[in-house]
Structures are given as structure tokens and as C-alpha cells.
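# Secondary and tertiary structure notes
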Amino acid sequence: MAAAGSAVGLGNIWKFPYTAGQSGGGAFVAIYLFFVIFIGFSVMLTEFTIGRRTERSAVGAFKSTDRRWSFVGVLGVVTGLLIMGFYPVVGGWSLAYVFKIGGGLLSEPAAISDSFGSFITNPIQPLMWMGAYLLLNIVIVMRGISGGIEKAGKILMPILFIMLIVVSIKGLSLPGASAGLEFLFKPDFSEVDSGVILAALGQAFFSLSLGMGCMITYGSYLKKKENLVQTTGMVVAMDTGVAILAGVAMFPAMFAFGIEPAAGPGLVFVVVPQLFAEMGGAGTMFALLFFVGLSVAALTSSISLLEVVVSYLIDEKKMSRIGAVLSASVVMAFLCIFASLSLGGVGPTIFDTGAFDVFDLLTDKVFLAVGGMLICIFAGWRLNKQDLKDEITNQGDKPFALFELWYALVKYVIPVAIAIVAIAGIYGGFT
Ligand code: PHE
């Protein structure tokens, strides 16, 4: 459940719909699903296996096998730091929306879209919400009470799921909605280029929390009698199910409302409130539940990111928990300030790209994929095949019929596939 909490977050409900919208819809979704099944599943199983085998978190897992491989763990820590350079900005938006909806945002449906635009480009307001969101993370990780928030997640995530179904039904009932389903599920491969393929790979890694050792850490907590293949299957299915449902919740409504699919990062903050606004009084209640659920889903993901950095500082740099949390979050807050301001056009740019987009692009399109590739190379070429088999099958107790296929994928196919997709996508200029 904790691993599912890490996986299901803003990546599914905020990032997936708008990335699908910007990347042409159906073809992107088809390629994403292909990567989830053939790469995501295998990489997650690999991370769980390494974690449970070594009983250590990311850096320690590599270091205990071979010091020369510690850099893969360190790369994961850097990635976690960078993702936390923009994730809390969006987490802050989600928190803000709980209060905005409580304050009557839905009473003026026509103003919802403009209100989002002026909110995120305002220099001060989003920073305060980001600060509040980061503070929640700090308190939870500092007191080591992630268990508490995960318990909250167990109640609120199903509620979020139900809200997504409510939104979907409402969206599908609007005139012109079927065009949205067509956009999402009818692939048109003629528009696919290397950038779309890399975006789909990045989305798969980001959404499943792969490529930075997060799932190695969760694997280290898994009991020896747990069935790794089944656990992987459940987490992958839940995560992907929520992402697709978020797509079904948003695209039909967008087409009905005449919103551009490529509208960008604001989608969930514009489409969902507009839909709830159409429902009258109950809509406000539903919208509140939706954004509370989204905030908690975001929290269970970001604490897993913060925890990767914190456990590195505690284990390898011998810091106290409080010192580790504070120093990690000072760096994160600093990065987030740049990220948030960049949306209002303030601050430095690289190749005309602001800090928010730089952190986002670098992490999901480069660091996570490269991290995943290195994790596979490590498992395939540095670890012993029989050891892996023993770990996955619980010493032969739980046979895994597809073991040979998984091993071949991890050892040969996935590293080569990621290298090709990443190089072609980066060469194509991320577009
Ligand atoms: N999977 C999380 C989400 O979808 C984000 C995340 C990425 C968390 C990498 C941990 C590690 O929101």
C-alpha cells in the first residue's frame, strides 16, 4: 500500500492528462501503456527484488554489493531532490484549491480558467501554498510518521477514486463528450516523433516512481513471504488504472467545454472545478473531497521522494534525522521558489525554458529513464541470476513462469530500448 501511495500522485492526475493532451492523445496513451507493461513492470520488479535482497535503501543497496555502483543510488538522490524542486509547487496549488473551493470558486464557472492563470503567475500566493505544502512534508518525515499519512491515504485515495468516477460520468454526459474519448483512445501514429516516445517513457517512469531507487527502499521493507510479482502487478495496475481514469474524467469534458487538449499544466485545476460547478450544491462538496484527496495523494508521493534524500543523508552522511530533513528541504524550497516564479516569467531561463520546466524535463525525460537503465544493467550484469530467481520466487516457493522473459528484458532489451529512446528524444530536442 505504501508503494502504491508513492506511485499514485500528481503524476497520474495532474501530469498524465496534460502530457497526453500535449502529445497528441491516443498514440501517446498506447505507447505509454506499452512501456508500462514491458518496461515499467520489469523495472519495478527489479527494484523490489534488489531492495528486498539487500534489505537496504537506494544508495546502501548498491554500495553493499559493489562500491563502484553507489553512483546509481546517488543519481537517484539527486533526481529526488530535483523532482522536489517542482512537485511541491503543484502540491501547493492542490492545497490552495481546497481553500479556493471552500471560498466559493465554483460560484462563477466562467472565471475558473482565468482565476487559475492569474493564481499561478502571481509571484507571492503560490509560494505561500508551496511553503505550506513543503512544511507538511517536513513535519511528517521529521517525526517519522509517514505511517499516519498512509493511513489517511487508505481512506482518502478510494474517495479520490470515486470522485474521479463521478467526474467521468458527469463529463461523459455532456454534449460532444465522445470526441474526448476518441482523442484519448483512438491512436493516430502519424504524428508520433521521438519526442512523443520519450515523453511516454518518462511518464511511465515518473508515474510508477521508478528509476531513482524509491521502490528499492520500499522493497527493503517487504516481508520475505510476500509475493513480489503479485505486489508489482497490483501497484502497476492501480497506478495505471488511476491515470487512465483521470484521462477519462478530463478529456470528454474538455472537448465539451471547448478547452484545447494541449492547454498544459492547468488542465486538472480548470476542467475539474468547471465540471463540479455544473452540479450545483453537491458539486462543491465533491470538489472539496477531490482536492483533499489529490493533496493527500500528492503527499504520500512527495514524502517518498523526501525520504529517499533524507535516508541517504542519515545513512551515508551520518546526519541526524532533523538535520537531514531540514537541509534537504532548504534546498528543495530554494529550487521550488525558482520553479514557481518561472511560471510568472520571473527568473533565469535555459534555452528559453524556465526553472519549472527544466526540472520537470530533466527528471522524467532524462534522469529517471537513465536511472532505470542503470538499475537494469546492475541487476542483469552485476547480480547473480540464481540469487535474483531465489529472491523473486521466495526460494522457489512462488514459481514465476515468466522469469526467463523478465531476465532477458532486464539484461538486454530494456537497457538498449531506453538508450535508443532517450538518445533519439534528446537529440530531437525534447519536442
Ligand atoms: N509517482 C509519483 C506521482 O505519480 C511521483 C514520484 C516519482 C514519486 C518518483 C517518487 C519517485 O506523483
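Note that the coordinates shown come from a computational prediction; the quantities given were computed from them, not determined experimentally.

### Some words on the overall build of the chain
A count of helical and extended segments in the chain gives 19 helices and 2 strands. Computed over C-alpha atoms, the radius of gyration of the chain comes to 21 Å, within 12% of the 22 Å expected from 2.2 N^0.38 for 431 residues, which places it in the range of a compact globule. Judged by the C-alpha coordinates and their principal axes, the chain covers about 60 × 50 × 45 Å. Put simply, of all contacts in the chain between residues at least 6 apart along the chain, 85% involve residues at least 24 apart.

### Side note on the nonpolar core
Nonpolar side chains tend to gather and get buried jointly when the protein is soluble and globular. Core analysis: the biggest nonpolar cluster contains 152 residues, and F28, M44, A200, L201, A204, M250 and V271 have the highest contact counts within it. Counting residues per element, this core draws most heavily on helix α15 (residues 281-317), at 17 residues. The contacts of A204, once residues within four sequence positions are left out, are Y32, F35, V36, I39 and G40.

### Quick word on the site of the ligand
Among the 15 residues in the neighbourhood of the ligand, the closest are listed as G9, G11, S209, C214 and S301. Counting residues per element, the ones that place at least two in the shell around the ligand are α1 (2-7), α2 (10-22), α11 (194-207) and α15. Residues of the shell around the ligand, tallied by class, amount to 7 nonpolar, 8 polar and no charged.

### Some points on unusual backbone geometry
Despite not being glycine, K318 has its phi angle at roughly 55°, a positive value. Of note, K318 is situated in the loop between α15 and α16 (321-342). The phi angle at N394 is positive, at roughly 50°, despite the residue not being glycine. Tracing the sequence through the fold places N394 in the loop between α18 (385-392) and α19 (403-427). The class for N394 is partly exposed, based on 17 C-beta atoms found within 10 Å.

### Description of the environment of V272
Within the fold, V272 resides in helix α14 (residues 267-277). In sequence terms V272 and Y412 are 140 residues apart; their C-alpha atoms lie 43 Å from each other. When near neighbours in sequence (up to four residues on either side) are disregarded, V272 contacts V167 and F290.

Reading the values: the criteria
- Residue indices follow the written sequence of each chain, beginning from 1 at its first position.
- Owing to the predicted nature of the model, reporting of local features is limited to residues with pLDDT of at least 70; listing and counting of side-chain atom pairs is limited to 80 or more, with chain, interface and lining totals taken over all residues.
- Secondary structure elements follow DSSP: runs of H or I no shorter than four residues count as helices, runs of E no shorter than two count as strands, and numbering proceeds from the N terminus.
- Radius of gyration: over C-alpha atoms. The globule rule applied is 2.2 Å multiplied by the number of residues raised to the 0.38 power.
- Here contacts are defined at the residue level, using C-beta atoms placed from the backbone and a cut-off of 7 Å between them.
- Buried Ala, Val, Leu, Ile, Met, Phe, Trp, Tyr and Cys residues whose C-beta atoms connect them within 7 Å together make up a nonpolar core.
- Think of it as a crowd count around each C-beta: if 20 or more other C-beta atoms lie within 10 Å the residue is buried, if 12 or fewer it is exposed, and in between it is partly exposed, with C-beta placed from the backbone throughout.
- Nearness rests on one distance test: the residue's C-beta atom, set from the backbone, must lie within 6 Å of the molecule or strand.
- Classes in brief: Ala, Val, Leu, Ile, Met, Phe, Trp, Tyr, Cys and Pro nonpolar; Asp, Glu, Lys and Arg charged; the others, Gly included, polar.

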